[in-house]
Structure formats: structure tokens, C-alpha cells
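Examination of the molecular architecture
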Amino acid sequence: MTASIISGKKVSDEIRGSISDEVKELVSKNVVPGLAVVLVGEDAASQVYVRNKEKACHDLGFYSEVHRLPAETSEQQLLALVDTLNQQDTIDGILVQLPLPSHINEKSVINAISVHKDVDGFHPVNVGNLVIGDDSLLPCTPAGVIELIKRAGVELSGKHAVVIGRSNIVGKPVSLLLQRENATVTMCHSRTSNMAELARQADVLVVAIGRANFIDSSYVKPGAVVIDVGMNRLENGKLAGDVDFESVKEVSGPITPVPGGVGPMTITMLMKNTLTAAKRNHGLV
Ligand SMILES: Nc1nc2c(c(=O)[nH]1)N[C@@H](CN(C=O)c1ccc(C(=O)N[C@@H](CCC(=O)O)C(=O)O)cc1)CN2
């Protein structure tokens, strides 16, 4: 039997509806959440994502600034812009779109963003708070993954979750958030020798490896929930996830599609973080 689809678009629209209502309330108090997005270079995928973020801001009534800088921008020039945005009262959240050109040190840039305006949740202080379980701005894609699982009605407590991939922006934080929901978490990565065997033990399988259609049905326990974080642009221009959707949906439980799954949730969680930052910056929480 074909699996049910977890629609990130549908869940995202529901959450954005709530965000829009909250923004209207804030605006009535003369508070307009402001997001600054910085894009360095001409990476095509990044341009799409930044455009999606800008549109979400406009749709939800946020103030939005997008700074599009040439690829030749120096690290110092970028750091100077971040410093200016840190001090700008109309800006509650700042993000610098990744990846950056190789001559710029990503860690230096992330560290330069004010912790309170770090709506990506990448700053070491926010990451540290995530690790120890303290309140923090959460990284958007991991937070979106958890929200999708919960809204699909999946109980995580006591379940075995297997995360394939250990990146700083997805694999590691999503593993921590799954633990926070009392799942038992196995993290697989490029050096894992028995990945398929471990993946088949998962009640919930989260895949974030950046390899198109890599995970087929041989990695999936019948009925397991499958969350595909992959975002791979194929030579024909189409988007593919890390999961071979057509094969896996015949054995899995609820599964996210690509596009229309985790991607829209990333943007929505960014809007949620920006709203939270705005309320905090104005002493409303
Ligand atoms: N500073 C950041 N950089 C990057 C992040 C991030 O969270 N912060 N994450 C990824 C890219 N990403 C956000 O920027 C992102 C990826 C995909 C989507 C999305 O909406 N995908 C759509 C399809 C879009 C398309 O047509 O290509 C979908 O899956 O339905 C949004 C955001 C790396 N960089």
C-alpha cells in the first residue's frame, strides 16, 4: 500500500496563518518584525531560497531587507555589514545565506551575528543552549523536521530514530531535537559500515546526506516514517531528495516529498524565529 504523504506545504501554510495573525497583533502595537537576509555571490539555488524568504516576509507582513553582494566581497566587508545590521533597530533577525564563497570563513561570519538576532540558530551560543536543553533560537530545518513529525501524529517518545548525515546545520541538531522528544537516536554518517542494517531498524528515518535518490526501499523498515531533507538539483533541472521516493513510498509509513516537504518548513521556521526574536527584542516575551 502506498504511504501517506506528509505535506510540508500544507503544514507550512497552517503555521504561517498563525504567524500572520501574530504579526497583525504586533503591528497594532507598532512592532514590525524585521529580517535581514545577506546573499554573497550568484549561486542559483541560494537565489531561489533567498527569494522564497523575501516573499514569505512580504506575505506575512514582516519588514525585509535583502543585501545581494558580489562574489568578490571580502570577509571584512561582509563582517562590516553584519555589524551594521546588528545595530539596526528595525532588524530583529539576520541570516547570511550559506554556502559562502570559499575565501570567506563561514564560522567568523556566523559568530559575528548577534546571538539575539541569529534566526538561523547557527551561533555557537544558540547551538550550546540546544545541546544543554536551554531555550534558544533553533536551526530552521531541524525544527521543521520535528514539527512535521509531530503534526503527522507520530509519537517520538521511546521510538528508534535513525539520522543519516551529521552536518552542523541539519544532522547534528536534528539528532539533539529528536533526543529532546525522548526518541532513541542513532546517527549514521559516511564512515558508518552497516548503514542499511541500522536504517532498517528505524521507526523514524531522517535523511540529510546530499546524495540524490540514494536511500531506496532496502534501507526502510516497512511502515517507518521517512523524512527526506535532501535538496539535490539534477542535470535535467528537476529537484530530487536523498530518498528514492517512488521506491520507498511502497514500503514506508508517512513520507515527505521533495519538493513540498521539509523545504517550505525551513522558511516557515525562519519566520517563526524572526517573530520570536522581534517579541524578545521589544520585551514582549
Ligand atoms: N543561512 C542559511 N543557509 C542555508 C540554509 C539555512 O537554513 N540557513 N539551509 C539550506 C537552504 N535553504 C535555506 O536557506 C532552503 C532550502 C530549500 C528550500 C525550499 O523551499 N525548497 C523547496 C523547493 C525550492 C526550489 O524550487 O528549489 C521545496 O523543497 O519544496 C528553502 C530553504 C542551505 N543554506
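Residues numbered from 1 in each chain as written. Predicted model: local features only at pLDDT ≥ 70, side-chain atom pairs only at ≥ 80, totals over all residues. Heavy atoms only, no water.

Quick notes on the UniProt feature "domain: Tetrahydrofolate dehydrogenase/cyclohydrolase NAD(P)-binding" (unreviewed entry) in the protein
UniProt records the feature "domain: Tetrahydrofolate dehydrogenase/cyclohydrolase NAD(P)-binding" (unreviewed entry) for residues 139–281 in the present numbering. The straight-line gap between the two end C-alpha atoms of residues 139–281 is 19 Å; of that span, 36% is helix and 15% is strand. (UniProt positions renumbered as here; feature names shortened; annotations may be inferred. Helix = DSSP H or I, 4+ residues; strand = E, 2+ residues; numbered from the N terminus.)

A look at the side chain of Asp118
In this structure, Asp118 sits in the loop between α4 (106–112) and α5 (124–132). Among buried charged residues, Asp118 stands out as having no salt bridge; its nearest opposite-charge side chain is Arg280, 9.4 Å away. The contacts of Asp118, once residues within four sequence positions are left out, are Ile94, Ile113, His123, Asn126 and Leu137. (Buried < 20%, exposed > 50% of the residue type's maximum accessible area, 1.4 Å probe, protein only. Lys, Arg positive; Asp, Glu negative; His and termini not counted. Salt bridge = Lys/Arg side-chain N within 4 Å of Asp/Glu carboxyl O. Contact = heavy atoms within 4.5 Å.)

Observations regarding the pattern of salt bridges
Taken as a whole and judged by the stated rule, the model has 13 salt bridges. Between Asp135 and Arg280 there is a salt bridge whose closest N-O contact spans 2.7 Å. One end of the pair, Asp135, is in the loop between α5 and α6 (140–151); the other, Arg280, is in helix α10 (residues 262–281), and 145 residues separate them in sequence. Residue class for Arg280 comes out partly exposed when judged on its relative accessible area of 35%.

Looking at a nonpolar patch on the surface
Taken together, Val27, Val32 and Tyr63 make up a surface patch of nonpolar side chains, about 220 Å² in accessible area. Tracing the backbone shows Tyr63 in strand β2 (residues 63–69). Residue Tyr63 is classed as partly exposed on the basis of its relative accessible area of 33%. (Patch = residues over 30% accessible without salt bridge, like charges linked within 9 Å, V, L, I, M, F, W, Y side chains within 5 Å. Areas by Shrake-Rupley, 256 points an atom, 1.4 Å probe, with all protein chains shown as cover.)

Focus on the pairing of strand β6 (residues 204–207)
Burial of the side chains of β6 extends over both faces: Val204 and Val206 are buried on one face and Leu205 and Val207 on the other. In the sheet, strand β4 (residues 160–164) pairs with β6 via four bridges, with the strands oriented parallel. The residue of β6 that forms the bridge with Val162 is Leu205. With four bridges connecting them, β6 and strand β7 (residues 225–228) associate as parallel partners. If you follow Val207 over to β7, its bridge partner there is Asp228. (Pairing = 2+ DSSP bridges.)

Considering the site of the ligand
Close to the ligand lie 19 residues; Lys53, Gln97, Asp120, Arg233 and Gly260 are nearest. Residue Asp120 places a side-chain N or O atom 2.7 Å away from a nitrogen atom belonging to the ligand. Take Arg233: an N or O atom from its side chain is 2.7 Å from an oxygen atom of the ligand. When the free accessible area of the ligand is taken as 690 Å², the share hidden by the protein chains comes to 84%. For the shell around the ligand, the elements supplying multiple residues, two or more each, are α2 (44–60), β3 (93–96) and α10. Residue composition of the shell around the ligand, grouped by class: eleven nonpolar, five polar and three charged. There are two domains that each give the shell around the ligand at least three residues, and those are domain 1 (30–115) and domain 2 (140–263). (Near = heavy atom within 4 Å. Polar contact = N/O pair within 3.5 Å; in protein donor to acceptor, adjacent residues only side chain to side chain. Nonpolar A, V, L, I, M, F, W, Y, C, P; charged D, E, K, R; others polar. Domains from an automatic or database assignment.)

A word on α10
Given a rise of 1.5 Å per residue, 20 residues ought to cover 28 Å, and the 28 Å separating the end C-alpha atoms of α10 matches this to within 8%. For α10, a buried count of 15 out of 20 residues is recorded, marking the element as mostly surrounded by other parts of the structure. Phi turns positive, to about 65°, at Gly283, one or two residues after α10. (Expected span 1.5 Å × (residues − 1).)

Observations regarding the sheet that holds β2
Strands sit in the order β2-β1-β3 across an open sheet of three strands; the sheet is parallel. Across the chains shown, the open sheet's two edge strands, defined by having one partner strand only, are β2 and β3. With strand direction ignored, the average angle separating the axes of adjacent strands in the sheet is 15°. Across four bridges, strand β1 (residues 34–40) lies against β3 in parallel orientation. (Axes fitted to C-alpha atoms, helices over the stretch in contact; angles between N-to-C directions.)

As for the pairing of β4
A regular strand places its side chains on the two faces of the sheet in alternate fashion. When you tally the buried positions in β4, you get five out of five residues, the bulk of the element. Across the two faces of β4 the burial is the same, with His160, Val162 and Ile164 and Ala161 and Val163 all buried. Relative to strand β5 (residues 184–188), β4 runs parallel, the two sharing five bridges. Residue pairing for β5: Ile164 is matched across the bridge by Cys188. Handedness of the β-α-β unit built from β4, helix α7 (residues 171–180) and β5 comes out right-handed. (Right-handed = clockwise from strand over helix to strand, strands pointing away.)

Quick notes on the packing of aromatic side chains
Inspection of every chain in the model, using the stated rule, returns one aromatic pair. With 5.9 Å between their ring centres and 50° between their planes, Phe214 and Tyr219 make a pair best called tilted. Overall, the relative accessible area of 26% leaves Phe214 in the partly exposed class. Taking relative accessible area as the criterion, Tyr219 reaches 14% and is therefore assigned buried. (Phe/Tyr/Trp six-rings, centres within 6.5 Å; stacked < 30°, edge-to-face > 60°.)

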